[in-house]
Amino acid sequence: MMITKNINIIRNTLAWSGLLQKCYKNIGNHAKFSYKISQYSSVASFESVDHCQHPYITASDKETFEALKNDVILYEDFITVEEEQAILKEIEPYMRRLRYEYDHWDGAIHGFRETERKEWNDVNSAIIQRIKKKVFQDATPLEHVHIIDVAKDGYIKPHIDAVRFCGSAIAGLCLLSSAVMRLRHETKPGILDLLLKRRGLYIIKDAARYDYTHEVLKSDESHFKGEEVTRERRVAIICRSEPRPQDIH
Ligand code: OGA
Ligand code: MN
C-alpha cells in the first residue's frame, strides 16, 4: 500500500518537474511527448445546448465556443478510404507487434500503443505533406509523426501536450474509428466537445492547445448531441511542430 503510494508520488514529481520528459526524449523510436495532466479525472457533465450550430462541435456555453471557434478546425473526409488503407498497410506490420499498454507512467493514456515515423512510402508521404501544409504555415513541422493506436476500451485523459516538445498547433488524422474529443479550460468552467470522424483531420491550436486540456472519451462515455458514438480501435496520425522559442529552456 505504502509502496504503491510512494511510486505514484515519484511518478508525479518526475512528470511535473520535466525530468521524465528528458529521459523519455532519449528513448528514440518512442514518442517523446509527455503530458501535463489536468486535475480533472472524471467526465464533466454539461448540458449539450447547441450554442454553436456546428455539426461536429458542441459547447457548454457560448463564450467557450466564441473563445475557441478559430482555434479548432475540423476537416471531414480529409483522406479517402483508399488512403486510409494505404496508411494502415504501411504501419500495421509494425504496430501489430506492440502490446497495448494499460498502465502508462503518467497515466494519461490507457489501452494504447504508439510509435513515431519519419519515413513513409510515396503515397503516404504525400498525405503527410498535405497535413503539414494545411497546418504549419509559419512553423517548422517536426520530422517525426506520432502514431497513437488506442484500443476499443482505451481512452486518453485530459492533458496538455508538453510545450517544451511541440509548438502551437497539433493536427490529428483519425483512422478506423470516430471518437469524441473534449476540450476543457484548465482553470475555469468551459467545455467544448468535438466529434472526430473517421478519416477526418482535426487541428487544435493556440488557446485550444495551450489553455484547454484535450482528451478522448471512453467508449461508454462517447456521446455527441445525444447520440452514441461507437468507439472502435482508433489510430491517430499526429503532426506537431517545433516548440515556440520561449518554451525551450
Ligand atoms: C496525444 C493525443 C489525441 C488523439 O497523443 O497527445 O492527445 O487524437 N492524442 O488520439
Ligand atoms: Mn495530446
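Residues numbered from 1 in each chain as written. Chains lettered and ligands numbered in written order. Predicted model: local features only at pLDDT ≥ 70, side-chain atom pairs only at ≥ 80, totals over all residues. Heavy atoms only, no water.

**Q** Tell me about the overall build of the protein chain, residues and numbers included.
**A** Looking only at helices and strands, the protein chain features 6 helices and 13 strands. Counting the 249 residues in the protein chain, one finds 51% classified as buried. For the protein chain, the share of sequence-separated contacts (at least 6 apart) that also reach a separation of at least 24 residues comes to 81%. As displayed, the protein chain has an accessible area near 12500 Å², and 52% of this comes from carbon and sulfur atoms. (Helix = DSSP H or I, 4+ residues; strand = E, 2+ residues; numbered from the N terminus. Buried < 20%, exposed > 50% of the residue type's maximum accessible area, 1.4 Å probe, protein only. Contact = heavy atoms within 4.5 Å. Areas by Shrake-Rupley, 256 points an atom, 1.4 Å probe, with all protein chains shown as cover.)

**Q** So what's going on with the nonpolar core? Which residues, and what values?
**A** Counting residues in each nonpolar core, the largest one holds 27 residues, and the members touching the most others are V72, L183 and L192. With sequence-adjacent residues up to four places away left out, L192 is seen in contact with I57, T58, A59, T64, F65, L68, V72, M181, R182 and L183. If you look at the next biggest cluster of nonpolar residues, it comprises 23 residues, including L88, A171, L175 and I203. (Core = buried A, V, L, I, M, F, W, Y, C linked by side-chain atoms within 4.5 Å.)

**Q** So, the coordination of the manganese ion (ligand 2): which residues are in play, and what are the values?
**A** Only H159 (NE2), D161 (OD) and H214 (NE2) from the protein coordinate the manganese ion (ligand 2), and they sit 2.1 Å from it. Counting residues between consecutive donors of the manganese ion (ligand 2) along the chain gives the motif H-x1-D-x52-H. Considered together, H159 and D161 belong to a single accessibility category, that of buried residues. (Donors = N, O, S within 2.8 Å, 3.2 Å for Na, K, Ca; no water.)

**Q** Outline the packing of aromatic side chains, listing residues and values.
**A** Scanning all chains against the criterion turns up 1 aromatic pair. A cation over an aromatic ring shows up here: R113 above the ring of Y100, its NZ or CZ 4.1 Å from the ring centre. (Phe/Tyr/Trp six-rings, centres within 6.5 Å; stacked < 30°, edge-to-face > 60°. Lys NZ or Arg CZ within 6 Å of the ring centre and 35° of its normal.)

**Q** Tell me about the confidence of the model for the protein chain, and please be specific about residues and values.
**A** Summary statistics for the protein chain give a mean pLDDT of 83 and a share of 79% for residues scoring 70 or more. Confidence, expressed as mean pLDDT per element, reaches its minimum in the protein chain at helix α2 (residues 19-25) with 30 and its maximum at helix α4 (residues 81-95) with 98. (pLDDT = per-residue confidence, 0-100.)

**Q** So what about α4? Which residues, and what values?
**A** Spanning 15 residues, α4 covers 20 Å between terminal C-alpha atoms, matching the ideal 21 Å at 1.5 Å per step. Along α4, the largest kink reaches about 30° and is centred on K89; proline P93 follows within four residues of it. Listed in full, the buried residues belonging to α4 are E83, E84, I87, L88, E90, I91, E92 and M95. Check the buried side of α4 and you find it contacts β4 (109-117), α5 (122-135), β5 (145-161), β6 (169-175) and β13 (234-240). (Expected span 1.5 Å × (residues − 1). Bend = angle between axes of the 7 residues up to and from the residue.)

**Q** Outline the pattern of salt bridges, supporting the account with residue identities and numerical values.
**A** Considering all chains together, one arrives at 18 salt bridges under this definition. E76 is the salt-bridge partner of K197, the closest N and O atoms lying 3.9 Å from each other. Of this pair, K197 sits in the loop between β8 (191-196) and β9 (201-205) while E76 sits in the loop between β3 (72-75) and α4, and the two are 121 residues apart along the sequence. On the accessibility criterion, E76 (44% relative accessible area) is partly exposed. Salt bridges here are not isolated pairs; linked through shared partners, they connect E92, R113, D149 and R233. (Salt bridge = Lys/Arg side-chain N within 4 Å of Asp/Glu carboxyl O.)

**Q** Can you lay out the packing of α4 against α5 for me, pointing to particular residues and giving the numbers?
**A** Helix-helix packing: each pair is described by the crossing angle between the helix axes and the interaxial distance. Running from N to C, α4 and α5 cross one another at 115°; their axes reach a closest spacing of 9 Å. Taken together, the axes of α4 and α5 lie roughly perpendicular to each other. Handedness of the crossing formed by α4 with α5: left-handed. Taken together, the residues of α5 that come into contact with α4 (itself represented by E83, A86, I87 and E90) are V123, N124, I127 and R130. (Axes fitted to C-alpha atoms, helices over the stretch in contact; angles between N-to-C directions. Parallel < 35°, antiparallel > 145°, perpendicular 65-115°, else oblique. Left-handed = near helix turned anticlockwise from the far one by under 90°.)

**Q** Tell me about empty space enclosed by the protein, residues and numbers included.
**A** Tallied over the full model, the rule gives 1 cavity of 30 Å³ or more. Elements supplying a minimum of two residues to the lining of the largest cavity: β5, β10 (212-216) and β13. Per-element accounting of the lining of the largest cavity gives the leading share, 5 residues, to β5. Considering only residue class, the lining of the largest cavity consists of 10 nonpolar, 3 polar and 3 charged. (1 Å grid on protein atoms, 1.4 Å probe; cavity = no way out; pocket = protein on both sides within 12 Å on 5 of 7 lines; lining within 4 Å. Points joined across faces, edges and corners; volume = space filled by probe spheres on them. Nonpolar A, V, L, I, M, F, W, Y, C, P; charged D, E, K, R; others polar.)

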